[in-house]
Amino acid sequence: MTGSMRSRHHDIADDLRQQITAGRLQPSERLPSEADLANRYKVSTATLRRALAVLQGEGLVEKIHGKGNFARRPHRKILYVGGWGALDPWTAAEPALRVTVRSTTVQAQAHLTTLLKVPTGSPIVETTCLSHEGESPHGLARIYMPRDLVPAGLLDDDSTCRDAVTRFAVLGPPPAALRETLRARPPTPDEASALRIGQASFVLSITRIATDSTGRIVEATLLAFPGDRVDAVFTTHHVIDERQTHR
């Protein structure tokens, strides 16, 4: 029975999702009451609520206590380009996508000393970027750089630096190496609050480490995107071993 109930609530979620994405349920339109929907689908209220919880986790339904459940506009996905370390130019240039930026100087402690491989107390510039489409947050970036490597205009709101930040790009000169580690995980409380998602949701987490030719870490970035709002694209190139070609 448990398996049957689980399948049924996903079927209901699929049907309601299709109605929202096809426009039969308009953004901000109130859904029928939970009792009416349960009666329509011939399931218990508990099963119906599980279906709604799936859509709430996807951002397609918003529950407002005392008022009911409301359809929301499907999220447009943004594109993160791995290996280059940025939102793709088309995404970043979208007029609907805005990025709020805040930079501050902190002293490296705990995880920052490990992340940047610097001594405790070292001056670090932390830049926090939050992208929105309308009122909907799309991505969060926390960029850390040793204070002596920070571009001159970053703390002065220079337009060139701001353009790089808006694209979630590497802020300094092109690094010798860029390493990105991806994983899907539940959001931290701070991420859930900033991105307006539930603790039961998942984020695509990207840790980006940029190093110079000496191996020094020049920038570390922690990115978090709601899993339903981003595609991350990575392109690999075949590298020819020159030792082989000269034999």
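A short tour of the structure in this document, coming up. This structure is a prediction, so every number in the text was calculated from the model and none was measured.

Rules of the game
- Every chain begins its residue count from 1, and numbering advances along the sequence as written.
- Reporting of local features is limited, given that this is a predicted model, to residues whose pLDDT is at least 70; pairs of side-chain atoms are given and counted only at 80 or more, and all residues count toward the totals for whole chains, interfaces and linings.
- With hydrogens and water stripped out, all remaining heavy atoms of the structure feed into the side-chain values.
- The secondary structure listing takes helices from DSSP runs of H or I that are at least 4 residues long and strands from runs of E that are at least 2 residues long, numbered from the N terminus.
- The cut-offs for exposure are 20% and 50% of the maximum accessible area for each residue type, with area from a 1.4 Å probe on protein chains only; residues under the lower value are buried, those over the upper are exposed, and the others partly exposed.
- Any two residues whose heavy atoms approach within 4.5 Å at even a single point are treated as in contact.
- Think of it this way: Lys and Arg go in the positive column, Asp and Glu in the negative one, and His and the chain ends go nowhere.
- We put the charge of a Lys on NZ, of an Arg on CZ, of an Asp on CG and of a Glu on CD.
- Pairing of aromatic side chains here covers Phe, Tyr and the six-membered ring of Trp, requires ring centres within 6.5 Å, and sorts the geometry by plane angle: under 30 degrees stacked, over 60 edge-to-face, intermediate tilted.
- Salt bridges are identified by distance alone: a Lys or Arg side-chain nitrogen within 4 Å of an Asp or Glu carboxyl oxygen.
- Any two strands with at least two DSSP bridges between them are considered paired.
- Axes here mean lines fitted to C-alpha atoms, for a helix over just the part in contact, with angles spanning 0 to 180 degrees between N-to-C directions.
- Of all possible arcs, the one meant is that of the directions from the helix axis to the C-beta atoms.

Within the protein chain, the secondary structure is distributed over 8 helices and 11 strands. On the principal axes, the C-alpha backbone points of the protein chain span a range of 70 × 50 × 35 Å. The burial tally for the protein chain puts 42% of its 247 residues in the buried class. For the protein chain, the proportion of contacts with a sequence separation of at least 24, taken over those separated by at least 6, is 59%. Computed over 31 positive and 27 negative side-chain charges, the inter-centroid distance for the protein chain is 6 Å.

Attention shifts here to the packing of aromatic side chains. Scanning the model with the defined rule gives 2 aromatic pairs in all. Summarising the aromatic geometry, the rings of Tyr-80 and Phe-225 are spaced 6.0 Å apart at their centres and angled 45 degrees between planes, so their arrangement reads as tilted. Taken together, the positions of Tyr-80 in strand S3 (residues 78-81) and Phe-225 in strand S10 (residues 217-226) put the pair 145 residues apart, joining distant regions of the chain. The class for Tyr-80 is buried, based on a relative accessible area of 0%. The interplanar angle of 25 degrees and the centroid separation of 6.1 Å between the aromatic rings of Phe-168 and Phe-225 together place this pair among those described as stacked. Of the two residues, Phe-168 sits in the loop between helix H6 (159-166) and strand S8 (177-185) while Phe-225 sits in strand S10, which places them 57 residues apart along the sequence. Assigned by exposure class, Phe-168 and Phe-225 land together as buried. In textbook terms, an aromatic cluster arises when at least three aromatic residues are bridged by ring pairs, as seen for Tyr-80, Phe-168 and Phe-225.

If you walk through the whole model with that rule in mind, you get 10 salt bridges. Here Glu-191 ties to Arg-185 by a salt bridge, and the two come within 2.8 Å at their closest N and O atoms. No difference in accessibility class separates Glu-191 from Arg-185, as the two residues are buried. Because the salt bridges share partners, they merge into one network encompassing Glu-34, Arg-49 and Lys-63.

A separate point is the environment of Thr-211. As for its placement among the helices and strands, Thr-211 is situated in strand S9 (residues 203-211). Note: C-alpha distance between Thr-211 and Ala-177 (34 residues apart in sequence) is 5.4 Å.

Now for the sheet that holds S9. Think of a sheet as strands paired side by side through backbone hydrogen bonds, with each pair either parallel or antiparallel. Here 6 strands make up an open sheet; going across it, the order is S5-S6-S7-S10-S9-S8 and the pairing antiparallel. Each edge of the sheet is formed by a strand with only one pairing partner; in this case those strands are strand S5 (97-107) and S8. On average, each strand axis in the sheet is tilted by 15 degrees relative to the strand beside it, whichever way the strands run. Of the strand pairs in this sheet, S9 and S10 are connected by 9 bridges, and their pairing is antiparallel. Counterpart to Thr-211 in the pairing with S10 is Ile-217.

Here we come to helix H2 (residues 34-41). For H2, the full list of buried residues reads Glu-34, Leu-37, Ala-38 and Tyr-41. All buried residues of H2 lie within an arc of 100 degrees about the axis, which places them on one face of the element. The outward face of H2, more than 90 degrees from its buried face, is lined by the exposed residues Ala-35 and Asn-39. Immediately downstream of H2, the backbone of Lys-42 shows phi near 55 degrees, a positive value.

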